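So you can see what is in the structure, the chains are spelled out below.
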Amino acid sequence: MGCLQLRAKNFIGDSSEPITITGQVKDAQGQPLPGVNVKIKGTSIGATTSVDGKFSLQADDNAVLVFSFVGFRTKEEPVNKRTAIDIVLEEDKTQLHEVVVVGYGNQERKDVTGAVGTVKMSNIKEIKAASADLKLAGQLAGVTVNQVTGTPGGGVSVNIRGAGSVGAGDDPLYVVDGFPISPGFDQYSNPLSTINPDDIENISVLKDAASTAIYGSRGANGVILITTKRAKKGESTVTVNTSTGIQTVLPKSKLKMMTASQFAQWRTEAIEDANKANGTNNPIPDEYKNPASLGKGTDWFDAVTRVAPMQNYDVTIANGTEKARSLFSLGYFDQRGTVLNTGFKRYSLKGVIDADVAKNVTVGLSIAPTYSLRDLQETDGHFLSAVLSQAYLESPLIPVKQPDGSYTNVVGSPGTFQNANPVSELVNTTNKRNEFRGLANTYAEWRIIPGLTLRSTFGVDYQTKSQDYFRPSFLGAFNNHNVDGTQAKAIASSTSVNSFNWLNENSINYKKTWGNHTLTAFGDYSIQQETDHNRFVFGTDFPDDVVRSIRAATTITAPPDNNTDQSWRLLSLIARVNYAYKDKYLLSASIRRDGSSRFAQGHQWGTFPSVSGGWRVSDESFFPKTGFIDQLKFTASYGLAGNNNVGNYDFFPPIESTNYTFGGSLAPGKSITSLGNQQLGWETTRQLDIGMDISLIKGRIYLIAEYYNRYTQRMLQYIPLPIASGYDNALTNVGNVRNRGWEFTLTTKNIIGSGFNWSTDMNISFNRNKVLSLGPTQQIYDAPPNDNPTNITKVGLPLGQFYGYIFEGIFQNQAELDKYPHFDGQAVGTIRYKDVNGDGVIDGKDQTTIGNPWPKFTFGFNNHLSYRNFDMNIISAGSVGGHIFDVYKQFTTNLDGVFNVEQSVMQRWRSEQQPGAGLLPTTVVNTDLARDKYPSYWVESNSYLMVKNIDLGYNFKTKFSKNFRVYFSAQNAILITGYRGGSPEVGIEGQDGNRSLSPNVNFTGYPISAVYTIGCNVTF
């Protein structure tokens, strides 16, 4: 018969004599299937069908045969004493029939006409992270996820299809079980960190306007739909997930700063160079006279960081009958930070009940409270405010502790700033935040007649936060971390925030099928309101450092601008119609009308329509039935979505507290700080999307290709005002930004059967961003607080281009200095900048764009393998073509001698005979030109490939459980990049708090860690 034949005797403990079984395997059209794997269930014994689909093997008469083949559904067939068994395998169209969660409903993948991405939760479940958004990295085309800080439970930057807003933010809308949740309180708060990732069943991402328009005024930046677990009918399980691991700082996260001997050597050389150039005879301080004897000294980065533990425990109990389904879960997550005295704990509880109270009526209730505790420190950002950045710059000659075991109070060497001890600051500063979040939702659903359903829901998102800060007096006078060694006052603050957000939705769903026609109609009326209360008090003049409650302060103030009550309301009308003819011509249209309290009367309402269509070409009679192409579908969509991410009262003139002078004394009062705008309205995004879905070789290859063209119009931004107005700026609707690009998603089933399976998910995205208009201005400058502009947004260029001077080398001699334009007072050995405008003078007019933060493309490459009881997932993500602006170098390569510096400073210019590496100039004169002028060599490529997670598991077969799996995972363990400034995923907010205006500006920050975890999943 030309087939592989194996003999099996006495397998799996059965002593009966095996029988010979023959048969043939065909597809649904009656065609023989060669290469089908035929195995005896529970063993590795089997055969493979021949070219005519036939097989032969020996098995016991009570055995079960398992038939598996790529592109077909696996089928089990009991032998039952038969000697001849013929089998028909059905095509596996799982990818096409996959149920996709879309806005306000579900659809099969084959019927989706918009750009909707779904995440396979089975592939990312073992990534242990405080929030689910961290798990999305590399999973979906067009969705960029950057871990911009390693702070436990900290913020994550998620961007969908490029940056499109300069004043209203680019964050997507998060919808949890139908409830649009509010964002976090600040950069340390991630709204998803208060949701237990183990409770999540499904994540879908809506990318095009046709998909997001149904979320109206909040859908312009994309929508991330999160569906949590609910019990199913017939289900009765208890699931226990446990894991423990350690976190270590990635080696690439650490800058190479000078050791004690190197620092003493370069300070000695700098003084010698200055004496030679100036004809002086300044002595070398005693501390620097014998550099070789000093050794490594104190590595302050190592001193403030550590190896930190992480643990996670989760128990879920689910039970489902025909009448009622219930699910309860309890979770605990503890992540200690790799920076001293930082960490995040979360206690989570979830309860869900769904019940059929009548034949056609279902009600449900879900409650998900979480309580989290954070130990925070000012670690990220500018040198003036971030203790972690400060740690890099401390003198390596000074020890962390004195011989008596006490902390060194003041850290400084001759000529350097006298700074606070960063270890003592971290250990002795209290900055604790407690947060409670309660998400609750109840619904009632009435199936009036077949196909017609009414549903009413009421949900609540309640958040409360309290934060207590205390800095003891013995840390020294606080002034941008510089101390003078004198006794200072202890300071404290207390913050509380309460937010109550409720949502009521009332919808009607109708579905009708007749002949070749299928119609689905949806309508909804919803109202959502949020009320916030913010309180802040500041205290000082404490009697001692022992009692740290702010109530112990002698002086307590409550700044009125930090104590506010705010609210907003959104009223919405929604309609959508889906129509299909012969299941191959698809049409969908939706419209949403939103009314928002955030805009003035006459401008509160906005309308957001969309239309999309699909054509399943492969179902046409003229389409060739080659067996190579299973399914081919084309889609197109167009729609409008909005962005209302502005302040609750921005159309009013803002008022702040101001002191006035009356009769020679100060009196409190109020003043208007900017003009209001009664014409303020929606920022809107219109988007065209054209796509293709194709399934090849019986589902073995599945490709999604999409092209999009996205315009953000009437951008919300502050524009400058004439000085005569008395105000600097005003918020208004002007400008237009375009994002357009290509996205490709490829899923392949490389090997299936014979005990070994291997599939691959790949995606790649190309986005091009361009500013088309900025209204009355041609450019916007943006900078982190307390610094010079680092970025420029200019018409005709992408958003947030890096801004500075073009570096052209070092003036090596007087002839070069005389030949090229330069700043007044420059000398040999200083930086040569490019005369951009060609006027023969170097000045502020020669500042220009020096780099592009946006990559040429981003990608994800994920592999999933299994062999018998082993399984492995490898998830990778990367970016190619973008840049990072290392503005931290204004401190870490500062040539004034007031900080410790990078080891590269040893290769500075000292003379024409000692030119160094050609990047860093002399220490003798004009050091501000390398410090304050932002040279282009601070811009580096941040192309990278990071293996986000490697997960290796083994599934045990036990009698006491349905599933027992142990695993080991390594997160962020492999990073391939030429970037030398730490993690290539960086982020710092500019003056307006928008990363789109100042992306990829690196001031250093909380380091990203590699996480190594062992865990166990058991289902009973």
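Look up a bit, the structure's there.
Now for a look at the structure at hand. (Residues numbered from 1 in each chain as written. Predicted model: local features only at pLDDT ≥ 70, side-chain atom pairs only at ≥ 80, totals over all residues. Heavy atoms only, no water.)

Digging into the sheet that holds strand β16 (residues 223–228)
Taken together, the five strands give an open sheet; going across it, the order is β10-β15-β16-β13-β14, and neighbouring strands pair in mixed fashion. Looking along the sheet, the strands with just one partner apiece sit at the ends: β10 (116–119) and β14 (179–180). Taken together, the six bridges between strand β15 (residues 200–206) and β16 define a ladder with antiparallel strand orientation. Pairing of Val205 across the sheet is with Ile224, part of β16. (Pairing = 2+ DSSP bridges. Helix = DSSP H or I, 4+ residues; strand = E, 2+ residues; numbered from the N terminus.)

Considering helix α4 (residues 260–278)
With 19 residues, α4 should reach 27 Å at 1.5 Å per residue; the first-to-last C-alpha distance of 27 Å fits that figure. Positive backbone phi, at 70°, marks Gly279, one or two positions downstream of α4. (Expected span 1.5 Å × (residues − 1).)

Digging into the sheet that holds strand β6 (residues 75–78)
Pairing is antiparallel across the open sheet formed by four strands, whose spatial order is β3-β2-β5-β6. Edge positions in the open sheet fall to β3 (46–48) and β6, since each of these has one partner strand only. Averaged over neighbouring strand pairs, the angle between their axes works out to 20° when direction is ignored. Summarising the sheet, strand β5 (residues 64–68) and β6 pair through four bridges and their orientation is antiparallel. For Leu65, the partnering residue across the bridge sits in β6 and is Glu77. (Axes fitted to C-alpha atoms, helices over the stretch in contact; angles between N-to-C directions.)

Topic: the environment of Thr144
Looking at the element boundaries, Thr144 is found in strand β11 (residues 143–146). Relative accessible area serves as the criterion here: at 26%, Thr144 is assigned to the partly exposed category. On a C-alpha basis, the gap between Thr144 and Ala877 in space is 9.4 Å, while along the polypeptide they are 733 residues apart. Leaving out residues up to four positions away in the same chain, Thr144 has contacts with Ser157, Val158, Asn159 and Thr858. (Buried < 20%, exposed > 50% of the residue type's maximum accessible area, 1.4 Å probe, protein only. Contact = heavy atoms within 4.5 Å.)

Thoughts on the pairing of strand β8 (residues 99–102)
Sheet topology places β8 next to strand β9 (residues 105–108); four bridges connect them, and they run antiparallel. Bridging from a neighbouring strand, Val100 pairs with Gln107 of β9. Where β8 hands over to β9, the hairpin turn is made up of two residues, of which Tyr104 adopts a positive phi near 60°.

A look at unusual backbone geometry
The phi torsion at Asn341 lies on the positive side, around 60°, for a residue other than glycine. For Asn341, a relative accessible area of 26% corresponds to the partly exposed category. A positive phi angle, close to 65°, is found at Thr1004, a residue other than glycine. Relative to the helices and strands, Thr1004 resides in the loop between β52 (963–977) and β53 (1009–1019). The exposure class assigned to Thr1004 is buried, which follows from its relative accessible area of 13%.

Description of the pattern of salt bridges
Any two side chains of opposite charge can pair, on the condition that their charged atoms come close. What the rule picks out here adds up to 45 salt bridges. For Asp198, the salt bridge goes to Lys128, with nearest N and O atoms at 3.9 Å. You can see Asp198 sitting in the loop between β14 and β15 and its partner Lys128 sitting in the loop between α2 (121–124) and β11, a full 70 residues away along the chain. For Asp198, a relative accessible area of 10% corresponds to the buried category. In this structure, the salt-bridge partner of Asp375 is Arg336, at a minimum N-O distance of 3.4 Å. Taken together, the residues span a long stretch of sequence, with Asp375 in strand β21 (residues 361–375) and Arg336 in strand β19 (residues 324–336) at a distance of 39 residues. Just as Asp375 is buried, Arg336 falls in that class too. (Salt bridge = Lys/Arg side-chain N within 4 Å of Asp/Glu carboxyl O.)

Examining the packing of aromatic side chains
One pass over the full model with this rule turns up 35 aromatic pairs. Ring geometry for Phe608 and Trp682: centres 5.8 Å apart, planes at 85°, overall edge-to-face. Taken together, the residues span a long stretch of sequence, with Phe608 in strand β31 (residues 605–616) and Trp682 in the loop between β34 (665–672) and β35 (683–696) at a distance of 74 residues. Judged by its relative accessible area of 2%, Phe608 falls in the buried class. Centre to centre, the rings of Phe960 and Phe964 are 6.0 Å apart; their planes meet at 80°, and the pair counts as edge-to-face. (Phe/Tyr/Trp six-rings, centres within 6.5 Å; stacked < 30°, edge-to-face > 60°.)

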